[in-house]
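Overview (structure and organization)
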Amino acid sequence: MNELYDVLKTSKTSDFLIREEQTESREAFFIGQKLDMSRAKKVTHTFLTVFVDSEDGKFRGSAEKEIHQGISREEMQQEIDQALFAAQFVQNPWYPIAEPSDAPANDGMPDASRDLTSELVKLVQAMQEIKSEEDSRVNSYEIFVNQKQTHIRNSRGVDVTFSGFDCEIEVVTNSRKDDHEIEIYRDLRFSDKSAEKIIAEVRGMFHTGRQRLNAVPTRQNEHADVLLSGDAVGSFFQYFAMHTNASYQYMGVAKAKIGESITGADADPLNIRLVPTLDGSAKNAPYDETGMPVAERVLFENGICRSYWGSLQHAHYIGMKDTTSMNNMVVEGGSKTLDELRSMPHIEITDFSAFDMDAVSGTCGGEIRLAYESDGTTSHPTTSGSLSARYDDVLKNLTFSKETQQINNRVVPCAVLLRDVTVAGE
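Residues numbered from 1 in each chain as written. Predicted model: local features only at pLDDT ≥ 70, side-chain atom pairs only at ≥ 80, totals over all residues. Heavy atoms only, no water.

Quick notes on the sheet that holds strand β7 (residues 180–190)
Strand order in this open sheet of seven strands is β4-β3-β2-β1-β5-β6-β7, and the pairing throughout is antiparallel. The open sheet is flanked by β4 (92–93) and β7, the only strands paired with a single partner. As paired strands, strand β1 (residues 15–31) and strand β5 (residues 136–154) are joined by 15 bridges and run antiparallel to one another. Paired with E20 across the two strands is H151, which belongs to β5. Helix α1 (residues 2–9) contacts β1, β2 (34–53), β3 (59–67) and β5 of the sheet and is inclined by roughly 150° relative to β1. Along the sheet, helix α2 (residues 73–87) contacts β2 and β3; its crossing angle with β3, the most-contacted strand, is approximately 145°. (Pairing = 2+ DSSP bridges. Helix = DSSP H or I, 4+ residues; strand = E, 2+ residues; numbered from the N terminus. Contact = heavy atoms within 4.5 Å. Axes fitted to C-alpha atoms, helices over the stretch in contact; angles between N-to-C directions.)

Here's what the structure looks like:
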């Protein structure tokens, strides 16, 4: 990095940013419960962003390139010149880049140093505890244990280095009934998760497979009360983060306005904050990719928007004096327990083929893989069909559970009740 920095100091850039990421990992690949392949790797990637200002200083263009390891100074200069050439064709209103900060950004960061081989062995041992059952088995899984060190320097004097640790387990399970087989895929991401929780999540995949094998087609209901649970809840609440993002505010598509409520009078109090660190999250970091410190920020308090967040570029455009990026999001629980929410007639959707949330159009939904139709007392599994909902409609009386769950870098309620939405089916 030092040589690249020296070359850039003599170039024609108005500003520049260098981000070097060194990742060391241990990986294991299993077919069934038999090891197929394992490997260790250590790779370094260096990313360069150059900024070019117009002659009158009103506009700024940028371009990014990866600078490969081992190239000569002459080759570096060629890469820089190519990036400068591309950047001059971009004409955004001028904006600053990160300045050095005295904020103790590393305070409170969890220790990212790990013995990667030991961490991999722990995860393998947890997965090996999962035995095949009469109708369900582990088809395959891949485990990745990563430690990343990031070094960021820019032309304004920012020079920060920090480390991170994360794990990923990709799991495929099969459940069979007669000649019908269901395949379930999940991608588990975390920095710390107990063996018991990993085992419980994979066995939960067995349960999902069994339920889908016994499910009947979902019935058409144009005025359904739908209880969202599982991973879709995290995506559902991402809507609120998007509408407080500075880029949405600048483009004029944001529904959130500081001092105003985004939910209706009959909705549960909405409390959302961004935090730099969260136990077990794979997204903990003291700085963002531009070298700007990450800070805690309250987005909503009792449904009222309190602040925005986002890139330094878009924060500058809307006149924000300070900003932060989003590592982790915490949504507080609502007014009713899960048992109370399930005591009324409803359709609880636990699995989608993909839950789509479009923050600009304000719509959400997806194809149903597994749901439960309930009269409040008894329930039965269903599959197929789809959910369609509009945030403008459901936010009027949005209700969510007191209980919360953590999905990697998000803490969200375990379930959300969407009233009077459309479920397509037979």
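Examining unusual backbone geometry
Its identity as a non-glycine residue notwithstanding, D178 has a phi of 55°, on the positive side. Among the structural elements, D178 can be located in the loop between β6 (159–177) and β7. Given a relative accessible area of 65%, D178 falls into the exposed group. Phi at N408 is positive, roughly 55°, even though this residue is not glycine. (Buried < 20%, exposed > 50% of the residue type's maximum accessible area, 1.4 Å probe, protein only.)

Thoughts on the pairing of strand β22 (residues 415–424)
Note that strand β9 (residues 221–229) and β22 share six bridges and pair antiparallel. Its bridge partner being in β22, A224 is matched across the sheet by V421. As defined by bridge partners, strand β18 (residues 386–390) adjoins β22 across three bridges and the pair is classed as antiparallel. Looking at the pairing, L387 lines up with V423 of β22. Taken together, the two bridges between strand β19 (residues 399–400) and β22 define a ladder with antiparallel strand orientation. Looking at the pairing, T399 lines up with L417 of β22.

Let's talk about the pairing of strand β17 (residues 379–383)
Relative to β17, strand β8 (residues 216–217) runs parallel, the two being bridged by two bridges. Residue pairing across strands places P217 opposite T383, the latter belonging to β17. A loop of four residues connects strand β16 (residues 363–374) with β17, the two strands running antiparallel in sequence, and G376 in this loop sits at a positive phi of about 100°.

Looking at the side chain of D268
Here D268 lies in the loop between α6 (246–251) and β10 (272–275). One buried charge, D268, has no salt-bridge partner; the nearest side chain with opposite charge is R419, at 7.2 Å. Among the polar contacts made by the side chain of D268, one reaches the side chain of S335 at a distance of 2.7 Å. (Lys, Arg positive; Asp, Glu negative; His and termini not counted. Salt bridge = Lys/Arg side-chain N within 4 Å of Asp/Glu carboxyl O. Polar contact = N/O pair within 3.5 Å; in protein donor to acceptor, adjacent residues only side chain to side chain.)

Thoughts on the sheet that holds strand β12 (residues 304–305)
The strands making up a sheet associate through hydrogen bonds between their backbones, and the pairing can be parallel or antiparallel. Taking strand neighbours across the sheet as the criterion, the six strands line up as β12-β11-β10-β13-β21-β20 in an open arrangement whose pairing is mixed. Every interior strand has two partners, whereas the edge strands, β12 and β20 (404–407), have only one. Seen against the sheet, helix α5 (residues 232–243) touches β10, β11 (297–301), β13 (328–331), β20 and β21 (410–413) and runs at an angle of roughly 105° to β21.

A closer look at the environment of S140
Counting through the fold element by element, S140 comes out in strand β5. On the basis of relative accessibility, which here comes to 17%, the residue S140 falls in the buried class. It is 9.7 Å that separates the C-alpha atoms of S140 and Y185, two residues lying 45 residues apart in sequence. Residues within four places of S140 in sequence aside, it is in contact with F30, I31, G32, E170, V171 and V172. Within polar-contact distance, the side chain of S140 engages the side chain of N139 at 3.0 Å.

Some details on the UniProt feature "domain: Metalloprotease TldD/E C-terminal" (unreviewed entry) in the protein chain
Mapped onto this numbering, the UniProt entry annotates "domain: Metalloprotease TldD/E C-terminal" (unreviewed entry) at residues 223–425. Along residues 223–425 the backbone is 16% helical and 36% strand, and the end-to-end C-alpha distance reaches 13 Å. (UniProt positions renumbered as here; feature names shortened; annotations may be inferred.)

Some remarks on the packing of aromatic side chains
As enumerated under the stated definition, the model contains 18 aromatic pairs in all. Consider the rings of F29 and F144, whose centres lie 5.7 Å apart with planes at 85°: the pair is edge-to-face. One end of the pair, F29, is in strand β1; the other, F144, is in strand β5, with 115 residues separating them in the sequence. When sorted by exposure, F29 lands in the same class as F144, which is buried. The interplanar angle of 80° and the centroid separation of 5.1 Å between the aromatic rings of F85 and F89 together place this pair among those described as edge-to-face. The same class applies to F85 and to F89, which are both exposed. Among the aromatic residues, those joined into a ring-pair cluster are F236, F237, Y239, F240, F300, Y391 and F400. One cation-aromatic arrangement involves R60 over Y95; the distance from NZ or CZ to the ring centre is 5.9 Å. (Phe/Tyr/Trp six-rings, centres within 6.5 Å; stacked < 30°, edge-to-face > 60°. Lys NZ or Arg CZ within 6 Å of the ring centre and 35° of its normal.)

Side note on helix α3 (residues 116–128)
Relative to the 18 Å expected for 13 residues at 1.5 Å per residue, α3 spans 18 Å between its end C-alpha atoms, a close match to the ideal helical length. Buried within α3 we find L116, E119, L120, L123, V124, A126 and M127. Relative to the axis of α3, the buried residues are bounded by an arc of 160° and lie together on one face. Its buried side turned inward, α3 meets β1, β5, β6, β7 and α4 (195–213). Sitting at the head of α3, D115 places a side-chain oxygen 3.2 Å from the backbone nitrogen of T117. (Expected span 1.5 Å × (residues − 1). Arc of directions from axis to C-beta.)

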